[in-house]
Amino acid sequence: MTTMARCALLACATAIGIQSQGLSAQAYPAKPIRVIVPFGTGGPADIYARFLGQHMQGPLGQPWVVEARPGAGSIIGTELVAKSPADGYTLLVMSNTHTVNESLVPKKPFVLMKDFIAVAPINYSDLLLVVHPSVPAKTVKELVAIAKKGGMSYSSSGTGTPYHMAGELFKALAGVDILHVPHKSSGDARTSVMSGQTDMMLDAITTMLPIAQAGRVRALATSGRTRSSVAPDLPTIAEAGVKGYETTIWIGIMAPAGTPRAIVERLNAEITKVVNRADVKAVWAKQGAVPLTMSVADYEKYLYADIAKWAKVVKISGARADR
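These numbers were taken from a predicted model, which means no experiment stands behind them.

Peer 1: Please clarify how empty space enclosed by the protein should be interpreted in this entry.
Peer 2: The probe, sized like a water molecule, is rolled over the atoms to show the empty space still left. Applying the stated rule across the entire model yields two cavities of 30 Å³ or more. Elements that contribute at least two residues to the lining of the largest cavity include exactly helix 2 (44-60), helix 7 (162-174) and strand 9 (248-256). When grouped by side-chain class, the residues that make up the lining of the largest cavity number seven nonpolar, eight polar and one charged. By volume, the second largest cavity amounts to about 30 Å³. If you go around the second largest cavity, the residues you meet are Pro 44, Tyr 48, Asn 123, Tyr 124, Ser 125, Ile 249, Trp 250 and Ile 251. Elements represented by at least two residues in the lining of the second largest cavity include exactly helix 2, strand 4 (116-131) and strand 9. Split by residue class, the lining of the second largest cavity holds six nonpolar, two polar and no charged.

Peer 1: Can you walk me through the packing of aromatic side chains in this structure?
Peer 2: The geometry of an aromatic ring pair comes down to the distance between the two centres and the angle between the two planes. All chains considered together, the criterion is met by eight aromatic pairs. Between Tyr 48 and Trp 284, the aromatic rings sit 5.4 Å apart at their centres with planes inclined by 80°, giving edge-to-face as the arrangement. Residue Tyr 48 is located in helix 2, and its partner Trp 284 is located in helix 11 (residues 278-287); the two are separated by 236 residues in the primary sequence. As far as burial versus exposure is concerned, Tyr 48 and Trp 284 are alike and both buried. Centroid distance Phe 51 to Trp 284: 5.6 Å. Interplanar angle 50°. Geometry classified as tilted. Residue Phe 51 is found in helix 2, and its partner Trp 284 is found in helix 11; the two are separated by 233 residues along the sequence. Each member of the pair Phe 51 and Trp 284 is classed as buried.

Peer 1: Whenever I open this one, the layout of surface pockets confuses me. Can you help?
Peer 2: Put simply, the largest pocket is a space of about 400 Å³. Looking at the largest pocket, it is lined by 23 residues, and the ones nearest its centre are Tyr 124, Ser 125, Asp 126, Thr 248 and Val 290. Among the elements that make up the lining of the largest pocket, the one with the highest residue count is helix 12 (residues 296-317) (five residues). Taken together, the residues that form the lining of the largest pocket break down as eight nonpolar, nine polar and six charged.

Peer 1: Any chance you could explain the pairing of strand 5 (residues 153-156) here in plain terms?
Peer 2: On a regular strand, each side chain points to the face opposite its neighbour's, so the side chains alternate between the two faces of the sheet. The alternating pattern of strand 5 places Ser 153 and Ser 155 on one face and Tyr 154 and Ser 156 on the opposite face, and all of these are buried. One ladder, built from four bridges, connects strand 5 with strand 6 (residues 179-182); its direction is parallel. Across the sheet, Ser 153 pairs through a bridge with Leu 179, a residue of strand 6. The handedness of the strand 5 to strand 6 crossover, carried by helix 7, is right-handed. As defined by bridge partners, strand 5 adjoins strand 7 (residues 200-204) across two bridges and the pair is classed as parallel. Across the sheet, residue Tyr 154 finds its bridge partner in strand 7, namely Met 200.

Peer 1: What exactly am I supposed to notice about the pattern of salt bridges here?
Peer 2: Think of it this way: side chains of opposite charge can pair up when their charged atoms draw near. With the rule as written, the count across this model stands at 13 salt bridges. One connected set of salt bridges, linked through shared partners, spans Arg 34, Glu 67 and Arg 69.

Peer 1: Looking at this structure, I do not really get the nonpolar core. What am I missing?
Peer 2: One broad trend across soluble globular proteins is that nonpolar side chains are buried collectively. Core analysis: the biggest nonpolar cluster contains 67 residues, and Leu 129, Val 140, Leu 143, Phe 170 and Met 200 have the highest contact counts within it. Element by element, the count of residues in this core is highest for strand 4, at seven residues. Ignoring anything within four residues of it in the chain, the contact list for Val 140 reads Leu 129, Phe 170, Leu 220, Ala 221, Ala 240 and Val 242. Membership of the second largest hydrophobic core comes to 34 residues, among which are Val 35, Val 66, Leu 267 and Val 275.

Peer 1: How do you make sense of the packing of helix 4 (residues 96-104) against helix 12 when you look at a structure like this?
Peer 2: The packing of two helices is summarised by the inter-axis angle and the distance between the axes. Where helix 4 contacts helix 12, the axes come no closer than 8 Å and their chain directions differ by 55°. Classified by the angle between their axes, helix 4 and helix 12 sit oblique to one another. In this structure, helix 4 meets helix 12 at a crossing whose hand is right-handed. Here Asn 96, Thr 99, Val 100, Glu 102, Ser 103 and Leu 104 of helix 4 lie close against helix 12, whose contacting residues are Leu 303, Asp 306, Ile 307, Trp 310, Ala 311 and Val 314. Split by residue class, the contact of helix 4 with helix 12 holds seven nonpolar, three polar and two charged.

Peer 1: I keep staring at helix 8 (residues 186-195) and nothing clicks. Help me out?
Peer 2: Owing to its 3.6 residues per turn, the α-helix aligns residues three or four sequence positions apart on the same side. Those residues of helix 8 that fall on the buried side of the exposure criterion are Ser 186, Ala 189, Arg 190, Ser 192, Val 193 and Met 194. Tucked inside the fold, the buried residues of helix 8 contact helix 2, strand 4, strand 5, helix 7, strand 7 and helix 9 (205-213). Once helix 8 finishes, Gly 196 follows within two positions and takes phi at roughly 90°, a positive value.

Procedures and definitions
Residues numbered from 1 in each chain as written. Predicted model: local features only at pLDDT ≥ 70, side-chain atom pairs only at ≥ 80, totals over all residues. Heavy atoms only, no water. 1 Å grid on protein atoms, 1.4 Å probe; cavity = no way out; pocket = protein on both sides within 12 Å on 5 of 7 lines; lining within 4 Å. Points joined across faces, edges and corners; volume = space filled by probe spheres on them. Helix = DSSP H or I, 4+ residues; strand = E, 2+ residues; numbered from the N terminus. Nonpolar A, V, L, I, M, F, W, Y, C, P; charged D, E, K, R; others polar. Phe/Tyr/Trp six-rings, centres within 6.5 Å; stacked < 30°, edge-to-face > 60°. Buried < 20%, exposed > 50% of the residue type's maximum accessible area, 1.4 Å probe, protein only. Pairing = 2+ DSSP bridges. Right-handed = clockwise from strand over helix to strand, strands pointing away. Salt bridge = Lys/Arg side-chain N within 4 Å of Asp/Glu carboxyl O. Core = buried A, V, L, I, M, F, W, Y, C linked by side-chain atoms within 4.5 Å. Contact = heavy atoms within 4.5 Å. Axes fitted to C-alpha atoms, helices over the stretch in contact; angles between N-to-C directions. Parallel < 35°, antiparallel > 145°, perpendicular 65-115°, else oblique. Left-handed = near helix turned anticlockwise from the far one by under 90°.

Written out as structure tokens, the structure reads:
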């Protein structure tokens, strides 16, 4: 076969491949899309996955079926998706739990950026630092002073979750030792601090603020770089005395590695349209959630940067997967 003939065949094969990718995107989806949330129900990942699904069914023409598969700090549900067919019909709702676990839990049955492909981010929100009403602290400085005497505990939704790492970062920067009490879900962690079984928690402002406003816990500060628009009277943790403190919780979507690029781009486009809707932004603004939109390529870069960021925090804090 001549060189010219080989080139012609290669060009033909490439054209066929591109055409088939386009056809697969046009035909997709032909059945319901299964969306796995590897966290307990009632947390931001679960809430916003379902919220997103309400708006995705129309443009996709198929149900967006959200299924909670919590356990092992998100690893159980995440492994399920990693082992699923790469056809766009099983997606993962992920958060910075996943980027944290790349350094905190290196011995996992998957590698995030090898076994998954980035699809699209959804939103992010500040965390709210709260204490049980029995804790006498009214400010962050008072909380640090009490914590330095020992005997305090904080709840989280499990090892590696943003709530866990937010607590470890607080301990490291404030110079205190507070016992980490992990729970199976964020709902269980909230119940723990509301009942006084644990003393404090750093939780998503979108879910914890109404609880604080009802007097079930006392809010001391927020975790972002600037004050939250939904709690402007509360200082940031850094502003309140823990210099350098800043963290948020964000959520997004990934798919098994090998999912056709055309399908990934289609999902990214449709999710971006929903996140950019004025009515969606208005609802989220009242809750303290900030929309996140990126191209597939930019989201991939964001994930790599977040993995590097949390690797530093894990090292600084001395956090371990076994506590």
